[in-house]
Amino acid sequence: MKKRFLAFLMVTFLLCGCTSYERDESAGEVIQISLADMESMMKKGQEFTIAFTQSMCGYCEGFHELFENYRQNHHVVLYEVPLEREKEQPNVNRAIIQQYFPEFDKTPGIFYANGGKCIDSIHQSQRMTEELFDNWVKKHKLDKKVN
């Protein structure tokens, strides 16, 4: 019995200890960029979180409200591409986005990129909640404190 308990403690420590990190509780921010800027960031292999949005999108408005509250004490930098500001037709913009983020099919499209690749996305197939978004942030340590 004692051995099982010790084994349980070790597994718990390994699982929890390896995934914990110090979170930066300073305010995050939204930086609006263009599709050309996004392409440049991908080609440079930068690490970033990006949202493709539209002003007349109810789900985008909901995400904006959620992120505005969330970013007050989570240092997450979100690059946003407001698609209505792009000069190309929607089908051209979609093709550009899908070169880098193949899963993009609707707004808001929220992705994490690093090394010139799409690492992960958060889907709107379920109602976006702060808990869902926070779990995604923690998964990728997007609010990791930098010393």
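These notes cover the structure that comes with them.

Parameters at a glance
Residues numbered from 1 in each chain as written. Predicted model: local features only at pLDDT ≥ 70, side-chain atom pairs only at ≥ 80, totals over all residues. Heavy atoms only, no water. Helix = DSSP H or I, 4+ residues; strand = E, 2+ residues; numbered from the N terminus. Expected span 1.5 Å × (residues − 1). Buried < 20%, exposed > 50% of the residue type's maximum accessible area, 1.4 Å probe, protein only. Arc of directions from axis to C-beta. Pairing = 2+ DSSP bridges. Axes fitted to C-alpha atoms, helices over the stretch in contact; angles between N-to-C directions. Core = buried A, V, L, I, M, F, W, Y, C linked by side-chain atoms within 4.5 Å. Contact = heavy atoms within 4.5 Å.

This brings us to helix 3 (residues 58-70). The end-to-end C-alpha separation of helix 3 is 18 Å, in line with the 18 Å expected for 13 residues at 1.5 Å each. Those residues of helix 3 lying buried are Cys60, Phe63, Leu66, Phe67 and Tyr70. One face of helix 3 carries all of its buried residues, which in axial projection span an arc of 125 degrees. Pointing more than 90 degrees away from the buried face of helix 3 are the exposed residues Gly58, Glu65 and Asn69.

With that settled, the discussion passes to the sheet that holds strand 4 (residues 109-114). Working definition: the strands of a sheet are paired by backbone hydrogen bonds and lie parallel or antiparallel to each other. Strand order in the open sheet formed by five strands is 1-3-2-4-5, with mixed pairing between adjacent strands. At either margin of the open sheet sits one strand with a lone partner, and together these are strand 1 (29-32) and strand 5 (117-122). Here the strands of the sheet are splayed against their neighbours by 30 degrees on average, with no regard to which way each runs. As defined by bridge partners, strand 2 (residues 48-53) adjoins strand 4 across five bridges and the pair is classed as antiparallel.

Moving on, we come to the nonpolar core. Met38, Phe48, Ile50, Phe52 and Phe101 are the most contacted members of the largest nonpolar core, which has 18 residues in total. Those elements that place two or more of their residues in this core are helix 2 (35-43), strand 2, strand 3 (77-82), helix 4 (90-100) and strand 4. Per element, the largest residue contribution to this core is four residues, and it comes from helix 2. In this view, phenylalanine 48 contacts Met38, Met41, Met42, Tyr79, Phe101, Phe111, Tyr112 and Ala113; residues no more than four positions away in its chain are not counted. Judged by nonpolar contacts, the second largest core, of 15 residues, contains Leu66, Leu78, Ile110 and Trp136.

So, on to helix 5 (residues 130-140). Those residues of helix 5 that fall on the buried side of the exposure criterion are Phe133, Asp134, Trp136, Val137 and His140. The buried residues of helix 5 occupy an angular sector of 160 degrees when the element is viewed end-on, so they sit on one face. Projecting away from the buried face of helix 5 at angles above 90 degrees are the exposed residues Glu131 and Lys139. On its buried face, helix 5 sits against strand 2, helix 3, strand 4 and strand 5. Remark: lysine 141 follows helix 5 within two positions and exhibits a positive phi of approximately 50 degrees.

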